Amino acid sequence: MNHVITLFKEQFQNLHLIWKLSIYNVKSEYSNHYLGLFWNILQPLMQAAIYYLIFGLGLRGATAPDSEIPFIVYLISGLFPWLFISQAINIGSNAIYAQLGLVTKMRFPSSVLLSISFTNSLINLAFMTLIIMLISVFSGFVNPMYFFMLIYFVIASFALIFAINLIMSTLIILVRDFRNVLQNVIRMGFFLTPIFWQPGERGGLLQMISDLNPFAYLVQNFRNALIYGDGLFYGTMEQHFYFWAITIAFLLIGSYLHIKFRYKLIDYL
């Protein structure tokens, strides 16, 4: 637990640095593109259009899991947080490896790189969230007061993604094969998360596996805050307990690995 406290102190002590570098990364990513920052909106919208053509008009026949919610709205309310989660994990797990020279040559807390990658992805999600908010307000899906529950989504997402990235950013340097393993797990996680299907409509082993998927908990809390408004939090007490139990377990494991190897990673290159 001391390792966890140490790492979270590093994040609070470097909040200004995290924010400044995140803004710089977002601006520089598309600095040489004609459309610039507009690509942060255009790319997710293009992906949503593709998935809508396949799962909405194609496989589902344009039907929605909930008759009161258009399928396209249901789709983007699950797809956008999933893109945020997958991007934050993909970039965060490689953040230390990509900046290992900076970390080893300067007095720079490597754990801060994970928060920077998370903040970059969160800024991109903010544009998409605004679109869903406007749709929700004009369609009258939920009371706008529920939008404040997105704060819980951000806190829960940071805790889980930061924990996973603490583990993976270390393992990827120690054993390169873990990068390929992670990419395949994330690819599989897309289909095991209720993005274009509704929880409860799958049965058997697939439903059991999806119930154990902590990303489903995050996506459903995001969706609940924007289009459902079914209570303050999505899920039962058992689901809350399971999510935070697995998150704390990952934090303990990840913080131990990070602290143990943070000054030795260069030796494994």
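Each remark here, short or long, concerns the structure printed above.
Residues numbered from 1 in each chain as written. Predicted model: local features only at pLDDT ≥ 70, side-chain atom pairs only at ≥ 80, totals over all residues. Heavy atoms only, no water.

Caption draft 1: Geometry of the overall build of the chain. What the chain contains, in helices and strands, is 12 helices and 0 strands. Going from N to C terminus, the chain has its helices and strands arranged as α-α-α-α-α-α-α-α-α-α-α-α. Each of the 269 residues in the chain was classed as buried or not, and the buried ones make up 47%. Taking the contacts inside the chain whose residues are at least 6 apart along the sequence as the reference set, 78% of them involve residues at least 24 apart. Roughly 13,800 Å² of accessible area belongs to the chain as shown, and the carbon and sulfur atoms make up 67% of that amount. (Helix = DSSP H or I, 4+ residues; strand = E, 2+ residues; numbered from the N terminus. Buried < 20%, exposed > 50% of the residue type's maximum accessible area, 1.4 Å probe, protein only. Contact = heavy atoms within 4.5 Å. Areas by Shrake-Rupley, 256 points an atom, 1.4 Å probe, with all protein chains shown as cover.)

Caption draft 2: Representation of the packing of helix α11 (residues 214-228) against helix α12 (residues 237-261). Closest axis-to-axis distance for the α11/α12 pair is 10 Å, and the angle between their directions is 120 degrees. For the element pair α11 / α12, the angle class is oblique. Here α11 runs over α12; the crossing is left-handed. Taken together, the residues of α12 that come into contact with α11 (itself represented by Pro214, Tyr217 and Leu218) are Gln239, His240, Phe243, Trp244 and Ile246. Here the contact of α11 with α12 is composed, by residue class, of 6 nonpolar, 2 polar and no charged. (Axes fitted to C-alpha atoms, helices over the stretch in contact; angles between N-to-C directions. Parallel < 35°, antiparallel > 145°, perpendicular 65-115°, else oblique. Left-handed = near helix turned anticlockwise from the far one by under 90°. Nonpolar A, V, L, I, M, F, W, Y, C, P; charged D, E, K, R; others polar.)

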